Amino acid sequence: MAARRKHTYTSVSEINGSAPITAGMPSGTIKPFTASARRSPFFPTRLEALLISIYPATLLMGSIISTISPASRAAPYSADSQSHPPEFAPSYFALKKNVFNVYFVKIGWFWATLAFAMFVLMHPGFGRGLSARRVRAVLRYGLVTTWWVFVTQWFFGPPLIDRGFKLTGGACELARDPNARAEMSDTKEFITAATCKAVGGSWKGGHDISGHVFLLIMGSSLLWLEFLPALTRVEGLRDGRLITLSDGKVASVAVEKEDQKVEGEATARGVKFALGVAALMWWMLLMTAAYFHTWFEKFTGLIVAFAGLYTVYFAPRGLPALRAYLGMPGV
């Protein structure tokens, strides 16, 4: 009996028997997928899922290190400072004043912004000048940055991290003292973590989302998700992203891609520095997971970061109206 050949399709519409939505388009832009691969456009590709899974795995690895390391187990931990006391620090990276924490993590969004800017300005895949692809990349960066500002810096007053801390019963230690509280104005009474420390108080009592975990995941994921299509292209890998078209049908992202002739050496422009920043962010995430914060504080930092990333990088794939404004990396 002759072997039955497995047919491949360019869209779900062809699977259902209707005319393919990609009819009339250049064959070089079509990336076929099989009937068994009816993955939702809202879900990440296998490569993206592998990349995303690195973050919870890193947090778990850090917790394992802190549990099995004799130095970590022997060192006391301060819940107030969310770290080991400096004199008992089990590692150089367990010190809050280590050079990487002070000059990299503390200003982590600056490094993420610098790496993103170099990639967007130098990579030839964005075209020349103020191209639509470059404008949409900056818009995506702007939305991710807005989420970072809302969570860690300002949200119509105190940032979301500080608001969550107060809603879960936390307060500045000065505010617990009736005499000190009587001297506060209404504005100062709703104090943030930064201002609490500035006046010599302690931020105690509530759930404190790990700002370091949030920042390091947001910053490195921003870079990875932006330059991943460039890396897959130069390596000759298939782009497995799916999108929903304006007529509600699902197709490969290749339908909306323009032909790009980018040589391997050119593709490396701006990518190497971004890779270095993302790698160092991963290492500092591991150090944060091993020596700072409780497991639940780190877990909530992960969830809040993923919420912002999903909205900007995954939701537009299934929402054509949103994708018209934000676009997609590499498209």
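Since the structure is predicted, the reported quantities are computational estimates derived from the model, not experimental observations.

**Comments concerning the packing of helix 2 (residues 46–68) against helix 14 (residues 271–291)**
Phase 1 of the analysis: Between helix 2 and helix 14, the shortest axis-to-axis distance is 7 Å and the interhelical angle comes to 45°. One way to sum up the angle between helix 2 and helix 14 is to call them oblique. Between helix 2 and helix 14 lies a crossing of right-handed hand. For the pair helix 2 and helix 14, contact is made by Ile54, Tyr55, Thr58, Leu59, Met61, Gly62, Ser63, Ile65 and Ser66 and by Trp282, Leu285, Leu286, Ala289 and Ala290, respectively.
Phase 2 of the analysis: Of the residues that constitute the contact of helix 2 with helix 14, the class distribution is 10 nonpolar, four polar and no charged.

**Thoughts on the packing of helix 2 against helix 15 (residues 295–313)**
Phase 1 of the analysis: Direction vectors running N to C along helix 2 and helix 15 enclose 170°, while the axes themselves pass 11 Å from each other. Taken together, helix 2 and helix 15 sit at an angle that is classed as roughly antiparallel. Touching Ile52, Tyr55, Pro56, Leu59 and Ser63 of helix 2 are Lys298, Leu302 and Phe306, all from helix 15.
Phase 2 of the analysis: Its residues assigned to classes, the contact of helix 2 with helix 15 comprises six nonpolar, one polar and one charged.

**A word on the confidence of the model for the protein**
Phase 1 of the analysis: In the predicted model, the protein carries a mean pLDDT of 81, and 78% of its residues have values of at least 70.
Phase 2 of the analysis: Counting interchain partners and residues more than four positions distant, the pLDDT-below-50 stretch residues 1–37 has 60 contacts.

**Brief notes about the packing of aromatic side chains**
The geometry of an aromatic ring pair comes down to the distance between the two centres and the angle between the two planes.
Phase 1 of the analysis: Inspection of every chain in the model, using the stated rule, returns 19 aromatic pairs.
Phase 2 of the analysis: Each ring, one from phenylalanine 150 and one from phenylalanine 155, has its centre 5.0 Å from the other, and the planes form 80°; the classification is edge-to-face.
Phase 3 of the analysis: Note on phenylalanine 155: relative accessible area 26%, which makes it partly exposed.
Phase 4 of the analysis: Among the aromatic side chains, those forming a connected cluster through ring pairs are Tyr92, Phe93, Phe100, Trp282 and Trp283.

**Some thoughts on the environment of arginine 317**
Phase 1 of the analysis: Relative to the helices and strands, arginine 317 is located in helix 16 (residues 315–318).
Phase 2 of the analysis: For the pair arginine 317 and methionine 328, spaced 11 residues apart in the sequence, the C-alpha separation amounts to 7.8 Å.
Phase 3 of the analysis: Beyond its immediate sequence surroundings of up to four residues, arginine 317 is in contact with Pro41, Phe43, Pro44, Thr45, Glu48, Arg241, Leu242, Ile243, Thr244, Arg323 and Met328.

**Here's the deal with the environment of proline 320**
Phase 1 of the analysis: Looking at where proline 320 falls in the secondary structure, it is placed in helix 17 (residues 320–326).
Phase 2 of the analysis: For proline 320, a relative accessible area of 26% translates into the label partly exposed.
Phase 3 of the analysis: Between the alpha carbons of proline 320 and leucine 245 there is a distance of 6.0 Å; along the sequence they are 75 residues apart.
Phase 4 of the analysis: Aside from chain neighbours lying at most four places away, what touches proline 320 is Thr244, Leu245 and Ser246.

Conventions adopted
- Residues numbered from 1 in each chain as written.
- Predicted model: local features only at pLDDT ≥ 70, side-chain atom pairs only at ≥ 80, totals over all residues.
- Heavy atoms only, no water.
- Axes fitted to C-alpha atoms, helices over the stretch in contact; angles between N-to-C directions.
- Helix = DSSP H or I, 4+ residues; strand = E, 2+ residues; numbered from the N terminus.
- Parallel < 35°, antiparallel > 145°, perpendicular 65-115°, else oblique.
- Left-handed = near helix turned anticlockwise from the far one by under 90°.
- Contact = heavy atoms within 4.5 Å.
- Nonpolar A, V, L, I, M, F, W, Y, C, P; charged D, E, K, R; others polar.
- pLDDT = per-residue confidence, 0-100.
- Phe/Tyr/Trp six-rings, centres within 6.5 Å; stacked < 30°, edge-to-face > 60°.
- Buried < 20%, exposed > 50% of the residue type's maximum accessible area, 1.4 Å probe, protein only.

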